[in-house]
Amino acid sequence: MTRLVRPDAVLVQAVIAGALSFAHLHDLAEAAGQDGWKAWAYPVSVDLLLVAAWHRLRSLRDAGEPSRSAWSWFAVALAASLGANVATAGLLDLRDVPDWLRILVAGWPALAFLGGTLLVHRPTTASAPDREPEPVVERATEPGVQAAPVPALPAPAPTVAAPPALVAHAQKIAADHHTRTGSDIDTETLRARLGVPSSLAEAIAAQLA
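Since we're looking at a predicted model, the values are computed, not measured.

**A few points about the packing of helix H5 (residues 164-181) against helix H6 (residues 187-194)**
With their axes 11 Å apart at the nearest point, H5 and H6 run at an angle of 120° to one another. Of the possible angle classes, the one that applies to H5 and H6 is oblique. In terms of crossing hand, the pair formed by H5 and H6 is right-handed. Note on element contacts: H6 touches H5 through Leu190, Arg193 and Leu194, opposite Leu166, His169, Ala170, Ile173, Asp176 and Arg180. In terms of residue class, the contact of H5 with H6 is built from five nonpolar, one polar and three charged.

Spelled out as structure tokens, the structure:
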């Protein structure tokens, strides 16, 4: 069974609106002194600039780049289309078009050419070429001979300065500990009695030895 094609209401509306706008632009251009094929070229130029600006706007937004210029040319093309629709709605006498409107219509081709050129040919930022990694040159060794490992240097011990008063107090604690226990005080016990960090306790214990 053949499936019937149902018309899309949005598409039909777009075709009707486009046809009416096309006719209004033609009538306005013809009234402004652009006769023959030139009057038919004006609506094509306006609609093409409108579509190009919208396409450029979407591509810039998808790429996350600024789209102010595309918005500007879209507004110019939209103003030209809406202006023609309003002017041919009886608000303007098409038999006596004012001079300023004739100037705008006559200057539109140059403006549309400029807008289309800027929308299509945008400057691109040349990216710097990636530098290739330098090759690692391995030192050749004789067969059967293993390279001697490089000994690791010991890390230098941190230098902690202990105040003389604290050292004198630690000497009294060490002497008291030796009197009570008969053995030298260890670093951990000295640290707990003084209430100082381990690094400072080690520095004081070194001076007591």
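Next comes the rest of the write-up.
**Overview of the packing of aromatic side chains**
Counted by the stated rule, this structure contains three aromatic pairs. With 5.8 Å between their ring centres and 45° between their planes, Trp54 and Phe74 make a pair best called tilted. Of this pair, Trp54 sits in helix H2 (residues 37-63) while Phe74 sits in helix H3 (residues 68-91), and the two are 20 residues apart along the sequence. Judged by its relative accessible area of 17%, Phe74 is buried. With a centroid separation of 6.0 Å and an interplanar angle of 85°, the aromatic rings of Trp71 and Phe74 are classed as edge-to-face. Of this pair, Trp71 and Phe74 are both found in helix H3, three residues apart, which corresponds to roughly one turn of the helix. Within the aromatic cluster, the residues linked to one another by ring pairs are Trp54, Trp71 and Phe74.

**Details of the environment of Trp40**
Position of Trp40 among the secondary structure elements: in helix H2. Using a relative accessible area of 46% as the deciding quantity, one classes Trp40 as partly exposed. For the pair Trp40 and His26, spaced 14 residues apart in sequence, the C-alpha to C-alpha distance is 5.5 Å.

**Points about the pattern of salt bridges**
This structure, assessed with the given rule, holds two salt bridges. The partner of Asp35 in a salt bridge is Lys38, and the shortest N-O contact between them spans 3.9 Å. The exposure class assigned to Asp35 is partly exposed, which follows from its relative accessible area of 48%. Residue classification places Lys38 among the partly exposed residues on the basis of a relative accessible area of 31%. For Asp176, the salt bridge identified is with Arg180, shortest N-O distance 3.0 Å. With Asp176 and Arg180 both in helix H5 and four residues apart, the pair spans about one turn of that helix.

About the thresholds
- Residues numbered from 1 in each chain as written.
- Predicted model: local features only at pLDDT ≥ 70, side-chain atom pairs only at ≥ 80, totals over all residues.
- Heavy atoms only, no water.
- Axes fitted to C-alpha atoms, helices over the stretch in contact; angles between N-to-C directions.
- Helix = DSSP H or I, 4+ residues; strand = E, 2+ residues; numbered from the N terminus.
- Parallel < 35°, antiparallel > 145°, perpendicular 65-115°, else oblique.
- Left-handed = near helix turned anticlockwise from the far one by under 90°.
- Contact = heavy atoms within 4.5 Å.
- Nonpolar A, V, L, I, M, F, W, Y, C, P; charged D, E, K, R; others polar.
- Phe/Tyr/Trp six-rings, centres within 6.5 Å; stacked < 30°, edge-to-face > 60°.
- Buried < 20%, exposed > 50% of the residue type's maximum accessible area, 1.4 Å probe, protein only.
- Salt bridge = Lys/Arg side-chain N within 4 Å of Asp/Glu carboxyl O.

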